[in-house]
Amino acid sequence: MEKKDLDWGSLGFSYMKTDYSYVCNYHDGAWEEGGLTTDHTVVLSECAGILHYCQECFEGLKAYTTESGDIVCFRPDLNAKRMADSEKRLVMPQFPEDKFVEAVKQVVKANAAWVPPFGSGATLYIRPLMFATGEVIGVKPADAYQFRILVTPVGPYFKAGAGKPITICVAKYDRAAPHGTGNIKAGLNYAMSLYPYELAHKNGFSENLYLDSETRTYVEETGGANVLFVDKDGTLVVPKSFTDSILPSITRRSLVHVAEHMLGMRVDERPVKFQEVLDGEFVECGLCGTAAVISPVGHIVDGDKEVTFEKGCEKMGPVMEKLRTTLTGIQSGAVEGPEGWVCKIC
Ligand code: PLP
Ligand code: COI
């Protein structure tokens, strides 16, 4: 199979139409068989539930080319499970988890020519999504839905590029209500983050750091990634929400395992006060997620206060670097990871 003629190394994180998407419709209480489509558009009733009451959720994972030329993806079963949790919370029908994984494999295989080559620095981003197509006018769940998967080749999420520390700011707005929908991957969480996102960009910051909305005391996460810190003793400190409003990042959960079981590090998952960050308790900071991978944070600005991470402000700090090398090594097949993490597609 011949790869597409793209300048893989200069791709940013943006959408490019590929050959196939996957589509499957739900109506009359059941999912259709589903399959590949070359139609990358969606036609909806003006009264579709998604357009009024925002019944939508999505996922994000990536496909990689290994050194030996295989195409693989990383822990798709966890995306299937998290999507099922999102669907449940939004009163949407459950897309069977095994069907989800099969659909991911099918659409990636069909777009194999779009999976960036090994070592190019790019990957194929896979975006499963589900939305209400059924008509509703009173506030209630719809009775028809569409599940789709689009794929698109991508480069680094942050314009600063992989490895170069970014500066983020503490948002004056909230991302997720306590016990709300912050722990699921619903489009509505991102709609409300767009205004603060634009504001952060206008002020020269790459992302917003959100504090817990109940007390504005604890670190939660950023608009599109979980946060990691390294303390002075080299412990990986992972913010935990006591109001269940942080998205359970698959990258973060994998990194915690890698740190504890492969790198012999101490890991402390606990509520982290933003005051600890201001007090200089941490020497490295990073954002982790499928899109972000591990993006180092050099500085956090909160109004007129600024924190600099001593070991990670010029370039990615040593602990984040070790975590990133190990994780990306597992994802691209160079490092043996725990059984079942890497899923071969073709
Ligand atoms: N937090 C938010 C708000 C996200 O949008 C994402 C991206 O998926 C993450 C965290 C990271 O999650 P994952 O590692 O599963 O991609
Ligand atoms: C991902 O990392 O897959 C996400 O969905 C985050 C998004 C901000 C691009």
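## A few points about the overall build of the chain
No. 1: When its secondary structure is counted, the chain shows 8 helices and 18 strands.
No. 2: A compact globule built from 346 residues would reach a C-alpha radius of gyration of about 20 Å, and the chain, at 20 Å, matches this within 12%.
No. 3: Referenced to the eigenvectors of the C-alpha coordinate spread, the extents of the chain come out at roughly 55 × 50 × 35 Å.
No. 4: Counting across all 346 residues of the chain, residues that qualify as buried make up 53%.
No. 5: Accessible surface computed for the chain: about 15500 Å², of which carbon and sulfur atoms make up 50%.

## Considerations on the site of ligand 1
No. 1: As a matter of local geometry, ligand 1 sits amid 17 residues, with Y190, E221, S249, T251 and T290 nearest to it.
No. 2: One of the backbone N or O atoms of I250 is found 2.8 Å from an oxygen atom in ligand 1.
No. 3: At 2.6 Å from an oxygen atom of ligand 1 is found a side-chain nitrogen or oxygen belonging to T290.
No. 4: Relative to its free-state accessible area of 380 Å², ligand 1 is covered by the protein chains to the extent of 97%.

## Topic: the packing of helix α6 (residues 250-262) against helix α8 (residues 318-331)
No. 1: It is at 10 Å that the axes of α6 and α8 come closest, and there the two elements cross at 110 degrees. The angle between the axes of α6 and α8 places the two elements in the roughly perpendicular class. Contacts between α6 and α8 involve T251, S254, L255, V258, A259 and M262 from the former and L323, T326, L327 and I330 from the latter.
No. 2: In terms of residue class, the contact of α6 with α8 is built from 7 nonpolar, 3 polar and no charged.

## Re α6
No. 1: Taking 1.5 Å per residue as the helical rise, α6 with its 13 residues ought to reach 18 Å, and the 17 Å between its terminal C-alpha atoms agrees with that figure.
No. 2: Here α6 has its buried residues at I250, T251, R252, S254, L255, V256, V258 and A259.
No. 3: The N-cap of α6, judged by a side-chain oxygen 3.2 Å from the amide nitrogen of T251 a few residues on, is S249.
No. 4: The positive-phi residue at the C-terminal boundary of α6 is G264, with phi of around 65 degrees.

## Side note on a nonpolar patch on the surface
No. 1: Residues V42, L44 and L51 make up a contiguous nonpolar surface patch of roughly 230 Å² in combined accessible area.
No. 2: Following the sequence through the fold, L51 ends up in helix α1 (residues 49-53).

## Here we look at the pattern of salt bridges
No. 1: If you walk through the whole model with that rule in mind, you get 11 salt bridges.
No. 2: For R82, the salt bridge is made with E59, and the minimal N-O distance between the two is 2.7 Å. Taken together, the positions of R82 in helix α2 (residues 76-89) and E59 in the loop between β4 (56-58) and β5 (61-65) put the pair 23 residues apart, joining distant regions of the chain.
No. 3: The exposure class assigned to R82 is buried, which follows from its relative accessible area of 6%.
No. 4: In this structure, D70 engages K344 in a salt bridge whose closest nitrogen and oxygen atoms are separated by 3.7 Å. With a gap of 274 residues between them, D70 in the loop between β5 and β6 (71-74) and K344 in strand β18 (residues 342-344) connect regions that are remote in the sequence.
No. 5: Under the relative-accessibility criterion, D70 is labelled partly exposed at 25%.
No. 6: Residue class for K344 comes out exposed when judged on its relative accessible area of 52%.

Calculation criteria
Residues numbered from 1 in each chain as written. Chains lettered and ligands numbered in written order. Predicted model: local features only at pLDDT ≥ 70, side-chain atom pairs only at ≥ 80, totals over all residues. Heavy atoms only, no water. Helix = DSSP H or I, 4+ residues; strand = E, 2+ residues; numbered from the N terminus. Rg over C-alpha atoms; globule rule 2.2 N^0.38 Å. Buried < 20%, exposed > 50% of the residue type's maximum accessible area, 1.4 Å probe, protein only. Areas by Shrake-Rupley, 256 points an atom, 1.4 Å probe, with all protein chains shown as cover. Near = heavy atom within 4 Å. Polar contact = N/O pair within 3.5 Å; in protein donor to acceptor, adjacent residues only side chain to side chain. Axes fitted to C-alpha atoms, helices over the stretch in contact; angles between N-to-C directions. Parallel < 35°, antiparallel > 145°, perpendicular 65-115°, else oblique. Contact = heavy atoms within 4.5 Å. Nonpolar A, V, L, I, M, F, W, Y, C, P; charged D, E, K, R; others polar. Expected span 1.5 Å × (residues − 1). Patch = residues over 30% accessible without salt bridge, like charges linked within 9 Å, V, L, I, M, F, W, Y side chains within 5 Å. Salt bridge = Lys/Arg side-chain N within 4 Å of Asp/Glu carboxyl O.

Function cannot be read off these values alone, since they describe shape.
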